[in-house]
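Here are the chains, one letter per residue:
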Amino acid sequence: MSSALFSWLGMIVYVIFAWPYIRSLWKKDVVFHPYSWLLWAILGSINAYSLWQQGNQWWLIAQLLSIIFWSIFCIRGFFSAQKISLNWVDSLCLGSGIVAIFILFFFWITKATFAIIIVDFIAIIPTWKKIYYHPESDKIVPWFGSMVTLSLYLFSIQNWTFESTTFWIYLIIVNTSTGLCLLYRKWRDKFDKSTKKIQS
C-alpha cells in the first residue's frame with residue numbers, strides 16, 4: 001500500500017472516530033481541556049510547517065485538518081472550563097508547554113524527538129487530570145481512533161528510522177493509555193454509583 005493511501009485512510013479514520021467529539025460541539029456532553037488542546041494546536045502548527053518544508057503534502061493535509069479540529073475543541077474548552085475545576089497544575093502545564101514550544105521554535109530544534117515528546121507529555125497532563133476527576137467529561141472512542149490513525153501514519157513512513165518513528169510510537173502508547181485510563185475511570189465511577197445505590 002502506498003504512502004498516499006495510508007494517508008487518506010488515516011484522514012478518513014480520524015474523522016470517523018472523532019465524530020463523538022464533533023457531535024459534542026452542539027450536544028455539549030464533552031468538556032475539552034482548553035490548555036491541552038491549545039498546546040496541541042500550537043505544536044501541530046509547527047509540525048505542519050515542518051511537513052510543508054519536507055514536501056509531505058498528504059500528511060500536511062491531514063495535519064491541517066487536525067489543527068482545525070484542535071483549535072475548535074480548544075475554543076469550546078474555554079467556554080466550558082468552569083466544569084472541570086482548573087487549578088495551578090493546569091496553569092503550570094500551560095506555562096511550561098508554551099515556554100517549551102517557544103524554545104523549540106526559537107532555536108529551531110523541532111526535529112529533536114525527545115524535546116517534542118516532552119512538550120506533548122506536558123500537554124496531556126491536564127487532560128489526564130480532567131479524566132481522573134471528571135471521567136464523564138470525555139469520550140473513549142476518539143482516543144482509540146487516534147491510535148488507529150497514528151498506526152496508519154506509522155505504516156505510511158517509507159524509511160523507518162529512530163527519528164521518524166519514535167514520536168509516533170510514543171503517541172500511539174499515550175493515546176492507548178489515555179483511552180484505557182478513561183475506560184477504567186468510567187467503569188469505576190459506574191461501579192461506585194451502583195454500590196452507593198445498593199447501600200442506600
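None of these values were measured; they are calculated from a predicted model.

What counts and how
- Residues numbered from 1 in each chain as written.
- Predicted model: local features only at pLDDT ≥ 70, side-chain atom pairs only at ≥ 80, totals over all residues.
- Heavy atoms only, no water.
- pLDDT = per-residue confidence, 0-100.
- Helix = DSSP H or I, 4+ residues; strand = E, 2+ residues; numbered from the N terminus.
- Expected span 1.5 Å × (residues − 1).
- Buried < 20%, exposed > 50% of the residue type's maximum accessible area, 1.4 Å probe, protein only.
- Salt bridge = Lys/Arg side-chain N within 4 Å of Asp/Glu carboxyl O.
- Phe/Tyr/Trp six-rings, centres within 6.5 Å; stacked < 30°, edge-to-face > 60°.
- Lys NZ or Arg CZ within 6 Å of the ring centre and 35° of its normal.
- Core = buried A, V, L, I, M, F, W, Y, C linked by side-chain atoms within 4.5 Å.
- Contact = heavy atoms within 4.5 Å.

Looking at the protein chain as a whole, the pLDDT averages 80, with 86% of positions reaching at least 70. Within the protein chain, helix α1 (residues 3–27) has the poorest average pLDDT of any element, 74, and helix α5 (residues 113–133) the best, 86.

This part covers helix α6 (residues 141–156). Within an α-helix, residues lying three or four positions from one another point in the same direction, as the helix has 3.6 residues per turn. In a regular helix each residue adds 1.5 Å, so 16 residues correspond to 22 Å; α6 covers 23 Å between its end C-alpha atoms and thus fits that length. Buried residues of α6: P142, W143, G145, S146, T149, L150, L152, Y153, L154 and S156, and no others.

Right, let's talk about the pattern of salt bridges for a bit. What the rule picks out here adds up to three salt bridges. Residues D29 and K139 are paired through a salt bridge, measuring 3.1 Å at the closest nitrogen-oxygen approach. With D29 in the loop between α1 and α2 (34–54) and K139 in the loop between α5 and α6, this pair connects stretches of sequence that are 110 residues apart.

Evaluated as defined, the whole model comprises 15 aromatic pairs. Between F121 and W128 the ring centres are 5.5 Å apart and the planes differ by 80 degrees, which places this aromatic pair in the edge-to-face class. Taking relative accessible area as the criterion, F121 reaches 38% and is therefore assigned partly exposed. Classification of W128 by relative accessible area gives partly exposed; the value is 27%. Pairwise contacts between aromatic rings join Y21, F32, W37, W40, F69, F73 and W143 into one cluster. A cation over an aromatic ring shows up here: R185 above the ring of Y132, its NZ or CZ 5.0 Å from the ring centre.

Time to look at the nonpolar core. Ranked by internal contacts, the top residues of the largest apolar core, which has 44 residues, are W37 and W168. Mapped by element, the contributors of at least two residues to this core are α1, α2, α3 (57–79), α4 (88–106), α5, α6 and α7 (162–199). Counting residues per element, this core draws most heavily on α2, at eight residues. Filtering out sequence-adjacent residues up to four positions away, W168 remains in contact with N47, L150, Y153, L154 and I157.

Let us now look at the environment of T149. Its location among the elements puts T149 in helix α6. For the pair T149 and V15, spaced 134 residues apart in sequence, the C-alpha separation works out to 9.6 Å.

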